[in-house]
Amino acid sequence: MSKFDKVIKNGTIVTASDTYKGDIGIKDGIITEIGQNLDCENIIDATDKLIIPGGIDAHTHLDMPFGGTFSSDDFETGSKAAAIGGTTSVIDYCVQPGDGTLADGLKIWKEKGSKSCIDYGLHIAVTHADKETLEEMPSMVDEGVTSFKVYMVYDGMRVNDAAFMNILEKSKECGALVAVHCENYHVINHRVEKLLAEGKTEPKYHAVSRPASCEGEAANRAITLAKLTDAPLFIVHNSCKESISKIKEAREAGLPIMGETCPQYLMLSDDNYEEPNFNGAKYVMSPPLRNKSNWDYIWQQLKDGTIQTVATDHCPFFFEQKKLGKDNFAKIPNGGPGIETRMPIMLSEGPKHGLSLNKVVEVTATNVAKVFGMYPKKGTIAIGSDADLVLYDPNKEVTLTKSILHENVDYTAFEGIKLNGYPVMTLSRGDVIAKDGEYIGTANRGQFIKRDKSQLL
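Predicted model, so just to flag it, every value in this text is computed and none were measured. The numbers attached to residues start from 1 for each chain and follow its sequence in the written order. Residues qualify for local features only when their pLDDT is at least 70, as the model is predicted, and side-chain atom pairs are given and counted only at 80 or more; totals for whole chains, interfaces and linings, by contrast, use all residues. Heavy atoms from the whole structure form the basis of all side-chain values; hydrogens and water molecules are not counted.

### Remarks on the environment of Ile 108
Consideration 1: Summarising the element assignment, Ile 108 is placed in helix H2 (residues 102–113).
Consideration 2: Each C-alpha atom of the pair Ile 108 and Pro 97 lies 9.3 Å from the other, and the pair is 11 residues apart in sequence. A run of H or I in DSSP becomes a helix once it reaches four residues, and a run of E becomes a strand once it reaches two; helices and strands are each numbered from the N terminus.

So, in structure tokens, the structure goes:
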């Protein structure tokens, strides 16, 4: 019997901490040896390629109900697109039903997740923090769901500050992490009402209704509540200096506050909302795109470690779905695609903004695995880790356009962006599942990731 099922040879291995030449031996989906001159009948030649850990996207909304419709990617289409783009695991946000339990939400999303072609974990958004729900939280941790989501906005999903504190206290008690969407609900409602009364209905007013100060205030309040309850906190999809500066202050004060950003906040701006013929609706997401003056600041905070991870908030809607808000920007489904383009964008653009490739691996894979309790099984290249690996060709130049992508939506927010380098092969637990821009793995092969407690607090 062969020592390995396959060996990846002649590549340059890049982890969050090291860059070196080496061969990787894989057996039964696990990395069993890293060394020189490993041999096997099944060789993958990685000459002139980088070998990096498979990306982990910890913020996706697949098959997500929103505003009377559903996000257009389900776990099958979304996971295939993710794999082609170099992502081998996602953590999706499941939602506690309005009249149901956390277990009900978990059951619904595990059924959705059974279609996944890559491994997936789940967060649970708590929509009503009554006594029964709070008592149920430790059992979710036992099920491998070690993070909860709190929305400070959206009718039917948001919780008030008192409920937020109860969730923080209970999460701390059972060793879980709370992730929070920070925007000020009342400010937004006030501004939306005023704008619509003035006849300002176009997509660009979505951003006007949710200014950066509204995000910054909510981030500051969330951090204050976490401090009051002595609990860790993870702030999702930071878009601007107003929120990230609050994370920076908290971390400098020694508080266990962490955060993520997304490629759209590094590459796109509120100028996109000016596109004619309702095309600005493609960029309606929350928080909205900001002034491009934020770009350099966010890149720097990634480099400095103020922001730990880069996710996507992938929540795509066909343009026809976006037209639900044709006459009222507040009714445009919030969200956009990005699950396939995150890794290529970060690997190409990160080094142009001062991030080493090691740092890119850290914020797209390794830190994600540590923050959400999957390390070292996921997020690194080490003996005993899952063989979730990406071969990246740094010399392959690609212009992003909808025609080459596989997300189930009829546009990409990153149309026309030229990238230097692109993933050319993806392995999940040792199986080659994507190659040269096509998904070649089997269907429904993804496994639920039962996560441990956060390792980066």
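### Observations concerning the side chain of Ser 428
Consideration 1: Summarising the element assignment, Ser 428 is placed in strand S17 (residues 418–428).
Consideration 2: Within the local environment of Ser 428, its side chain forms a polar contact with the side chain of Arg 445, the two groups lying 2.8 Å apart.
Consideration 3: Pairs of residues are marked as contacts when any of their non-hydrogen atoms sit within 4.5 Å. Dropping the residues within four chain positions of it, Ser 428 is found in contact with Ala 387, Asp 388, Ile 433 and Arg 445. In protein, a polar contact requires one atom able to donate a hydrogen and another able to accept it; more generally it is a pair of N or O atoms within 3.5 Å, and residues adjacent in sequence count only if both atoms are side-chain atoms.

### Side note on helix H10 (residues 295–304)
Consideration 1: Between buried and exposed lies partly exposed: a residue is buried under 20% and exposed over 50% of the maximum accessible area for its type, with that area taken using a 1.4 Å probe on protein chains only. Looking only at H10, the buried set comprises Tyr 297, Ile 298, Trp 299, Gln 301 and Leu 302.
Consideration 2: Of the surrounding secondary structure, the elements contacted by the buried residues of H10 are helix H8 (241–252), strand S14 (257–261), helix H9 (264–267), strand S15 (309–310), helix H12 (342–349) and helix H13 (357–371).
Consideration 3: At the C-terminal side of H10, Gly 305 shows a positive phi close to 90 degrees.

### Focus: the pairing of strand S9 (residues 87–95)
Consideration 1: S9 sits mainly inside the fold: nine of its nine residues count as buried.
Consideration 2: For two strands to be treated as a pair, DSSP must find at least two bridges joining them. Note: strand S6 (residues 55–60) against S9, four bridges, orientation parallel. The residue bridging Asp 57 from the neighbouring strand is Val 90, located in S9.
Consideration 3: Bridge count for S9 against strand S10 (residues 119–125) is seven bridges, and the pairing is parallel. Note on S10: the bridge partner recorded for Cys 94 is Ile 124.
Consideration 4: Each parallel crossover has a hand, and the one from S9 via H2 to S10 is right-handed. Crossover handedness is defined by viewing with both strands directed away from the observer: a clockwise path from the first strand over the helix to the second marks the crossover as right-handed.

### Focus: the sheet that holds S15
Consideration 1: Read across the sheet, eight strands follow the order S6-S9-S10-S11-S12-S13-S14-S15 without closing on themselves; strand pairing throughout is parallel. The open sheet has two edge strands with one neighbour each: S6 and S15.
Consideration 2: Sitting on the sheet, helix H7 (residues 212–229) touches strand S12 (177–181), strand S13 (233–235) and S14, and the angle it makes with S13 is about 170 degrees. All axes are obtained by fitting lines to C-alpha atoms, using only the stretch in contact for helices, and the reported angles, taken between N-to-C directions, cover 0 to 180 degrees.

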